[in-house]
Amino acid sequence: MPKVTLSVIKADVGGFVGHSSVHPELLETVREHLTKEGTFLTDFYVTHVGDDIELIMTHEKGVDNEEVHKLAWDAFVAATDVAKKLKLYGAGQDLLSDAFSGNIKGMGPGVAEMEFEERRSEPVIVFMADKTEPGAWNFPLFKMFADPFNTPGLVIDPSMHKGFDFEVHDLIDNKKVTFHCPEEMYDMLVFIGAPGRYCVRAVFSRTTGEIAASSSTQRLNLMAGRYVGKDDPVCVVRCQSGLPAVGEALEPFARPHLVAGWMRGSHHGPLMPCSMTQCNPTRFDGPPRVVALGFQISSGKLIGPQDFFADPSYDNARMIANHLSDYLRSLGPFEPHRLGLEDLEYTTMPDVMKRLSGRLLPID
Ligand code: F6R
Ligand code: MG
Ligand code: MG
C-alpha cells in the first residue's frame, strides 16, 4: 500500500471580528476550493481555531509537495478575496507574497506534515493553537515523548522503552540537531527550554525509526533588525502501539503552561485547552488556546474528528488558565506578562529613545 501523507496547513487571511475568529463564508470558500481543485487529495477536513483557517489533508504525494502546497495557497487566496469583500480584519495578512513560488513554507502559512505507512490502526491527533508561537509545542512534546511522569509507556511499554529522537531547530541560525532521549535529555532541555528560538520540529521512535510527531516550526527572517515569522502553530502526533497513548499525548495540556503570543504577540499567557465551540479568543485577545482533534486514518480517509478538549476533565485546566490570566493581567505592562524588549511584536522604543536622546546622561 502506498504511504499516506498528512499535511496540515494553516493561515490567517482575515479575522471575524478583529483577530477572534473566522467568518463561515471563508471556510465554505476553502471547502469548495479543495473539493473542486483537490481531486488528488484522499481526504480533507477544514476548520478554524481562533482567526486561523486549518486545512487538514491526506494524500499520497509526500511532504513538501508543490501541488499540495499550491492547492492550499490558492484556497487561502480565494478566502482572502471573500475576506476583502466582507472587509474582514487583516484580510490576506498571512499571504506574504503576491505569487506562489513552489513551496508554501516561508510564504506566511504554517505547515506540519508527515509521511508514513498506515498501521493496522492509525490514530492521530492534530493540535492547533492560536495567539502563540511554534515553541509552544516544546513543553507538551517533551512531556509526551520524554517525561515518564506524563507517559508511563516510556517505563512499562517494551515498544517505547528505548525512547525517542527529537529533531530540534534553531529558528534564528537555521541549524538543526537531533537529540537521543532519554540519555541526551539534559542537553536538549538547555535548548528547548528557550522556545522563542529553539523548537522541536519532529519526533521519531527509536524502536521503529518511524515519525511520531511533526510541528509547523518555521525559520525566522531578520527584518528591520528584528526576527519575524513566528506564528500560531499546528502539530500532528501519531498515537498508540509503541507511541504515546491518546491520553498520554493529551495529558500535558491538563496543566496549562505559559506561552508567548497573547495581545499584540507581545505578552505571555497560559495555553488554554479548548473545545471547538470555545476556540474564539476574546479576553485581551486571548488567552492563547489549543484545540486537539483526533482522527482515525483509514486507507487515507480521515475518520473523525473527535474534539478531545470538549471533555469536562479539562475544566480544571481552563480554570487554572483563567486564574493565571487574572494574575498575569494584574501585572499590566510589566514583565513577565509583557515579553522582553527583544521579543515584542510591537514597540515604540526607537521613537521614544530618539525623543529622549538629548536627556540620556552617563551615570557617574
Ligand atoms: C495577537 C493578535 C492581536 C493583535 C491586536 C492588535 O497575536 O493577533 O492581539 O495583535 O488585536 O491588532 P492590530 O495592530 O491589527 O490592531
Ligand atoms: Mg489575525
Ligand atoms: Mg491567529
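Residues numbered from 1 in each chain as written. Chains lettered and ligands numbered in written order. Predicted model: local features only at pLDDT ≥ 70, side-chain atom pairs only at ≥ 80, totals over all residues. Heavy atoms only, no water.

1. Structural notes on the overall build of the protein chain
Then comes step 1: Assigned secondary structure in the protein chain consists of nine helices and 17 strands.
Then comes step 2: Relative to the 2.2 N^0.38 estimate, which gives 21 Å for 364 residues, the radius of gyration of the protein chain is 20 Å and therefore close to what a compact globule would have.
Then comes step 3: Seen through its principal axes, the protein chain has C-alpha atoms that stretch 70 × 50 × 40 Å.
Then comes step 4: Evaluated residue by residue, the protein chain yields a buried proportion of 52% over its 364 residues.
Then comes step 5: Contacts spanning at least 24 positions in sequence make up 68% of the contacts within the protein chain whose residues lie at least 6 apart. (Helix = DSSP H or I, 4+ residues; strand = E, 2+ residues; numbered from the N terminus. Rg over C-alpha atoms; globule rule 2.2 N^0.38 Å. Buried < 20%, exposed > 50% of the residue type's maximum accessible area, 1.4 Å probe, protein only. Contact = heavy atoms within 4.5 Å.)

2. Some thoughts on the domain arrangement of the protein chain
Then comes step 1: Each domain of the protein chain was delimited in the assignment, giving domain 1 (1-117) and domain 2 (118-350).
Then comes step 2: Domain 1 and domain 2 are separated by 21 Å when their C-alpha centres are compared.
Then comes step 3: Facing 34 residues of domain 1, the contacting portion of domain 2 comprises 36 residues.
Then comes step 4: Between domain 1 and domain 2, a total of about 2,800 Å² is buried, with carbon and sulfur atoms accounting for 63% of that surface.
Then comes step 5: Taken as a group, V49, M114 and F116 account for 19% of the area that domain 1 buries against domain 2, more than any other trio of residues on that side.
Then comes step 6: Counting across the domain 1 and domain 2 interface gives two salt bridges.
Then comes step 7: As a salt-bridge pair, K10 and D231 come within 3.2 Å of each other at their nearest N and O atoms.
Then comes step 8: At the junction of domain 1 with domain 2, the criterion picks out 12 residue pairs in polar contact (both at pLDDT 80 or more). (Domains from an automatic or database assignment. Buried area = accessible area lost by both parts, 1.4 Å probe. Salt bridge = Lys/Arg side-chain N within 4 Å of Asp/Glu carboxyl O. Polar contact = N/O pair within 3.5 Å; in protein donor to acceptor, adjacent residues only side chain to side chain.)

3. Remarks on the coordination of the magnesium ion (ligand 2)
Then comes step 1: For the magnesium ion (ligand 2), the full set of protein donor atoms is D12 (OD), H19 (ND1) and D51 (OD), and the range of their distances to it is 2.0 to 2.2 Å.
Then comes step 2: On the primary sequence, the residues serving as donors to the magnesium ion (ligand 2) are separated as D-x6-H-x31-D.
Then comes step 3: Here the magnesium ion (ligand 2) and the magnesium ion (ligand 3) are spaced 4.7 Å apart, and both take D51 as a donor. (Donors = N, O, S within 2.8 Å, 3.2 Å for Na, K, Ca; no water.)

4. Some details on the site of ligand 1
Then comes step 1: The full set of residues close to ligand 1 is H19, Y89, K131, G261, M263, R264, G265, D285 and Y346.
Then comes step 2: Considered on its own, ligand 1 offers 410 Å² of accessible surface; in the complex 74% of this is hidden by protein.
Then comes step 3: Classifying every residue of the shell around ligand 1 gives three nonpolar, three polar and three charged. (Near = heavy atom within 4 Å. Areas by Shrake-Rupley, 256 points an atom, 1.4 Å probe, with all protein chains shown as cover. Nonpolar A, V, L, I, M, F, W, Y, C, P; charged D, E, K, R; others polar.)

5. A few points about the pairing of strand β9 (residues 211-215)
Then comes step 1: The buried fraction of β9 is high, at five of five residues.
Then comes step 2: Examined bridge by bridge, strand β8 (residues 198-205) and β9 share three bridges and lie antiparallel to one another. The residue bridging F204 from the neighbouring strand is I211, located in β9.
Then comes step 3: Here β8 folds back onto β9 in antiparallel fashion, the turn holding five residues, of which G209 has a positive phi close to 80°.
Then comes step 4: The pairing of β9 with strand β12 (residues 234-238) spans three bridges and is classified as antiparallel. Residue pairing for β12: S215 is matched across the bridge by C235. (Pairing = 2+ DSSP bridges.)

6. Notes on the side chain of H257
Then comes step 1: Checked against the element boundaries, H257 lands in the loop between α6 (246-250) and β13 (258-261).
Then comes step 2: A distance of 3.0 Å separates a polar side-chain atom of H257 from the backbone oxygen of A136.
Then comes step 3: Not counting residues up to four positions away in its chain, the partners in contact with H257 are A136, F139, P140, G269, P270 and L271.

7. Details of the nonpolar core
Then comes step 1: Ranked by internal contacts, the top residues of the largest apolar core, which has 40 residues, are F127, F145, F166 and V237.
Then comes step 2: Broken down by element, this core gets its largest block of residues, five residues, from helix α3 (residues 138-146).
Then comes step 3: Those residues within four positions of F166 in sequence are excluded, and the remaining contacts are L141, F142, F145, A146, V177, T178, F179, C181, M188, V200, A202 and V203.
Then comes step 4: One finds V30, L71, A83 and L95 within the second-largest nonpolar core, a separate group that totals 28 residues. (Core = buried A, V, L, I, M, F, W, Y, C linked by side-chain atoms within 4.5 Å.)

8. A word on the packing of aromatic side chains
The description of an aromatic ring pair uses the distance of the two centres, along with the angle that the planes make with each other.
Then comes step 1: The tally for this structure, following the rule as stated, stands at 11 aromatic pairs.
Then comes step 2: Taking the centre distance of 6.1 Å and the plane angle of 50° together, the rings of F127 and W137 count as tilted. Note that F127 is positioned in strand β5 (residues 122-130) and W137 in the loop between β5 and α3, a separation of 10 residues in sequence.
Then comes step 3: A relative accessible area of 0% means that F127 is categorised as buried. (Phe/Tyr/Trp six-rings, centres within 6.5 Å; stacked < 30°, edge-to-face > 60°.)

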